[in-house]
Amino acid sequence: MTPVVLTIPDLAIAASLIVLDGVLSVALRLGLHRQLAVAAIRLVVQLVLVGFILRGVFAIASPLLTLGVVLVMIAIAGREVAARPEQRLARFGNYTIGASAVAFATLLTAILALTTAIRPSPWYDPRYAVPLAGIVLGSVLNGASLALDALLSGVVLQRAAIEARLALGGTIGQAMAPLVRSAIRRALLPIVNQMSAAGVVTLPGIMTGQILAGIEPMQAVKYQILLMFLLAGGSGLAAVAVTYLGARRLTDDRQRLRLDRLSEKTKGRTA
Amino acid sequence: MTARLRIANLRSRLAGPFELTVEAGECVAITGPSGSGKSLLLRMIADLDPNEGEVLLDDRDRRLIHAPEWRRQVVYSAAEPGWWGEQAMDHFPASEYTRVLALAGRLGVVPERVADNLARLSTGERQRLALVRTLLLESPVLLLDEPTGALDGQATACVETILREYLAGGTAMLVVTHSAEQAARLGNRRFQMAERRLSPA
């Protein structure tokens, strides 16, 4: 079976569906047609741009360039993780924690997959490394931002409980343990849902794309299983890293709870 | 008699400097308007907030003592106690069950209530159980922030009776209270906090 090759007219026909949405928006006065048009144009421009960049990166196939692209992707994801929570750690804590956790989880997961299961030659071949890092990043970003948000909002709400435990001679580890556990749990629930619903409730996107492109279904299924395991592992590593790094920022050498290092998003000082 | 707790030049960005010495078996009562820094002082002594200066327990420098160990010896009991579990019993060591029930009983909290869900207890019951939690540690120094703030006269009397027993046993106490009568009943010495500075009353 040969892969289906899409032509520009094929896409133009599909674009008529966007026009249909626009007509609906006007007819039903949803006020969405502008946003719809902007979003559709952004989608096309962004993806075409990425296509060109990937084509260039694949052609050059330089390990340094590949690493550079992956690092830029990690930096952007780190920024997203930092921006989610309502609470901000002082001295750009959200950014440094977000970026380090994302980098750690993504690099570890991607390198593991590239050197064992996928094994392109060389293992850092950008055709494999860049898309793989991208899909792992999506999941890692999700896990890390959920965990950081749960930790930072939870620590404010549970301040009295944590300090009560400290005041009675508990260590900061004991005092923070319930919060740390719930932050990591929160981050892992989406991937657990995704795995248990896969194939029953939803057909995962990668697998669907591969089947549409003409790959044999069992082959596509195996790929999807591998990816899901990578995503689960990546989310777990990112959640644990971001939670422990965040918890460390919230205490000091005398094991105090340092909420003075937190500020709210809206109240200036956006560190 | 050597000082049980000695505080010298204790200060932070928010309050101080404070100088204070408390002997074993002595109760120092602190009164003053809300927001004057009473809780800040207690929290600084317990090392829950960043602070500078010297605090000595039986002539041992706080800086040489592991922070959790220090807070177990110099226990701070907040005016609004925090709880990390759902049941009152989650907050006591299982091995201490009989002592918990005995102490709670003397404070007027019956065993069925001790076994209950915290959300179903009254503010006063929770405050008394928080005190039980603190007293169980048998610490040499207690820093009590409005220990009877949510209690009626009878329950307050029960609490004061037990605190007097601990004082007689050599425990040193700093008690923050809004009641001048309580300060007079319990305090061997009384201080007034105003604008984050302490002065004898």
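Along each chain, numbering runs from 1 in the same order as the chain's sequence is written. Labels are handed out in written order, letters beginning with A for the chains and numbers beginning with 1 for the ligands. Residues qualify for local features only when their pLDDT is at least 70, as the model is predicted, and side-chain atom pairs are given and counted only at 80 or more; totals for whole chains, interfaces and linings, by contrast, use all residues.

Draft legend 1. Focus on the overall build of chain A. Looking only at helices and strands, chain A features nine helices and two strands. Once the C-alpha set of chain A is aligned to its principal axes, its extents read approximately 70 × 55 × 40 Å. Across the 271 residues in chain A, those meeting the buried criterion constitute 34%. Nonlocal contacts in chain A, meaning residues at least 24 apart in sequence, comprise 75% of its contacts between residues at least 6 apart. Strands here are runs of E lasting at least two residues and helices are runs of H or I lasting at least four, both read from the DSSP assignment and numbered beginning at the N terminus. Each residue is classed by its C-beta neighbour count within 10 Å, where at least 20 other C-beta atoms makes it buried, 12 or fewer makes it exposed, and intermediate counts make it partly exposed; the C-beta atoms are placed from backbone geometry. Each residue is represented by a C-beta atom placed from its backbone, and any two residues with such atoms within 7 Å are regarded as in contact.

Draft legend 2. Main features of the overall build of chain B. A count of helical and extended segments in chain B gives seven helices and 10 strands. Here the C-alpha radius of gyration of chain B, 16 Å, is about what a compact globule of 201 residues would show, namely 17 Å. If you line up chain B on its principal axes, its C-alpha atoms span 45 × 35 × 35 Å. Counting all 201 residues of chain B, 44% fall into the buried class. For chain B, the proportion of contacts with a sequence separation of at least 24, taken over those separated by at least 6, is 72%. Radius of gyration here is computed from C-alpha atoms only, and the compact-globule reference equals 2.2 Å multiplied by the residue count raised to the power 0.38.

Draft legend 3. Inspection of the domain arrangement of chain A at higher detail. Annotation of chain A at the domain level lists domain 1 (1-60) and domain 2 (62-264). A C-alpha centroid distance of 29 Å is found between domain 1 of chain A and domain 2 of chain A. The domain limits used here are those given by an automatic or database domain assignment.

Draft legend 4. Region of the structure containing the interface of chain A and chain B. Taken together, the contacts link 15 residues of chain A with 20 residues of chain B. With seven residues, helix H6 (residues 159-167) of chain A is the largest single contributor of residues to the side of chain A that touches chain B. Partitioned by chemical class, the residues of the side of chain A that touches chain B number seven nonpolar, four polar and four charged. Residues are grouped as follows: nonpolar covers Ala, Val, Leu, Ile, Met, Phe, Trp, Tyr, Cys and Pro; charged covers Asp, Glu, Lys and Arg; every other residue, Gly included, is treated as polar.

Draft legend 5. Examining the packing of helix H7 (residues 172-197) of chain A against helix H9 (residues 217-249) of chain A more closely. All names here are of chain A. Running from N to C, H7 and H9 point in directions that differ by 160 degrees, and their axes come no closer than 10 Å. Here H7 lies roughly antiparallel to H9, going by the angle between them. Like other packed secondary-structure pairs, H7 and H9 cross with a definite hand, here right-handed. On H9, the residues touching Met 176, Val 180, Ala 183, Ile 184, Ala 187, Leu 188, Ile 191 and Met 195 of H7 are Met 228, Leu 231, Ala 232, Ser 235, Gly 236, Ala 239, Val 240, Thr 243 and Ala 247. Its residues assigned to classes, the contact of H7 with H9 shows 14 nonpolar, three polar and no charged. For helices, the axis comes from a line fit to the C-alpha atoms of the stretch in contact; other axes are also lines fit to C-alpha atoms, and the angle between any two N-to-C directions lies between 0 and 180 degrees. Any angle between 65 and 115 degrees counts as roughly perpendicular, while under 35 counts as roughly parallel, over 145 as roughly antiparallel, and the rest as oblique. A clockwise turn of the near helix away from the far one marks a right-handed crossing, whereas an anticlockwise turn of less than a right angle marks a left-handed crossing.

Draft legend 6. Just the sheet that holds strand E1 (residues 3-11) of chain B, in detail. Residue and element names in this part refer to chain B. In space, the four strands of this open sheet follow the order E2-E1-E4-E5, with antiparallel pairing throughout. Each having just a single partner strand, strand E2 (18-23) and strand E5 (60-61) make up the two edges of the open sheet. Note: E1 against E2, five bridges, orientation antiparallel. The partner of Leu 5 across the bridge, within E2, is Val 22. For two strands to count as paired, DSSP must find a minimum of two bridges between them.

Draft legend 7. Layout of the sheet that holds strand E10 (residues 197-200) of chain B. Residue and element names in this part refer to chain B. Spatially, six strands are ordered E6-E7-E8-E3-E9-E10 in an open sheet, and the strand pairing comes out mixed. In the strand order of this sheet, the two ends are held by strand E6 (74-77) and E10, each with one partner. In this sheet, neighbouring strand axes are inclined to one another by 20 degrees on average, regardless of whether the strands run parallel or antiparallel. Looking at chain direction, strand E3 (residues 27-31) and strand E8 (residues 172-176) are connected through four bridges and run parallel. Residue Cys 27 lies in a different strand from E8, and its bridge partner there is Met 173.

Draft legend 8. Expanded view of the nonpolar core. Any nonpolar core is a set of buried residues, restricted to Ala, Val, Leu, Ile, Met, Phe, Trp, Tyr and Cys, that join up through C-beta atoms within 7 Å. If you look at the biggest cluster of nonpolar residues, it comprises 116 residues, and the most contacted ones within it are Ala 101, Val 102, Ala 144, Ala 147, Ala 238 and Val 242 of chain A together with Leu 143 of chain B. When residues of this core are assigned to their parent elements, the largest contribution, 17 residues, is made by helix H5 (residues 126-157) of chain A. Setting aside residues no more than four positions away along its own chain, Ala 144 of chain A makes contact with Val 81, Gly 98, Ala 101, Val 102, Ala 238, Ala 239 and Val 242 of chain A.

Draft legend 9. Structural context of the pairing of E8 of chain B. Counted residue by residue, E8 of chain B has five buried out of five residues, so it is predominantly covered. Here E8 of chain B shows two buried faces, one formed by Ala 172, Leu 174 and Val 176 of chain B and the other by Met 173 and Val 175 of chain B.

Draft legend 10. Looking closely at the environment of Thr 2 of chain B. All names here are of chain B. Tracing the backbone through its elements, the reader meets Thr 2 in the segment before E1. With 121 residues separating them in the primary sequence, Thr 2 and Thr 123 have C-alpha atoms 38 Å apart. Among all residues touching Thr 2, those that are not within four sequence positions of it are Asp 58 and Asp 59.

Draft legend 11. Quick look at unusual backbone geometry. For the bond from Ser 121 of chain A to Pro 122 of chain A, the omega torsion is -5 degrees, close enough to zero to count as cis. On the secondary structure map, Pro 122 of chain A appears in the loop between helix H4 (93-118) and H5. With an omega of 0 degrees, the peptide bond between Gly 16 of chain B and Pro 17 of chain B qualifies as cis. Position of Pro 17 of chain B relative to the elements: it lies in the loop between E1 and E2.

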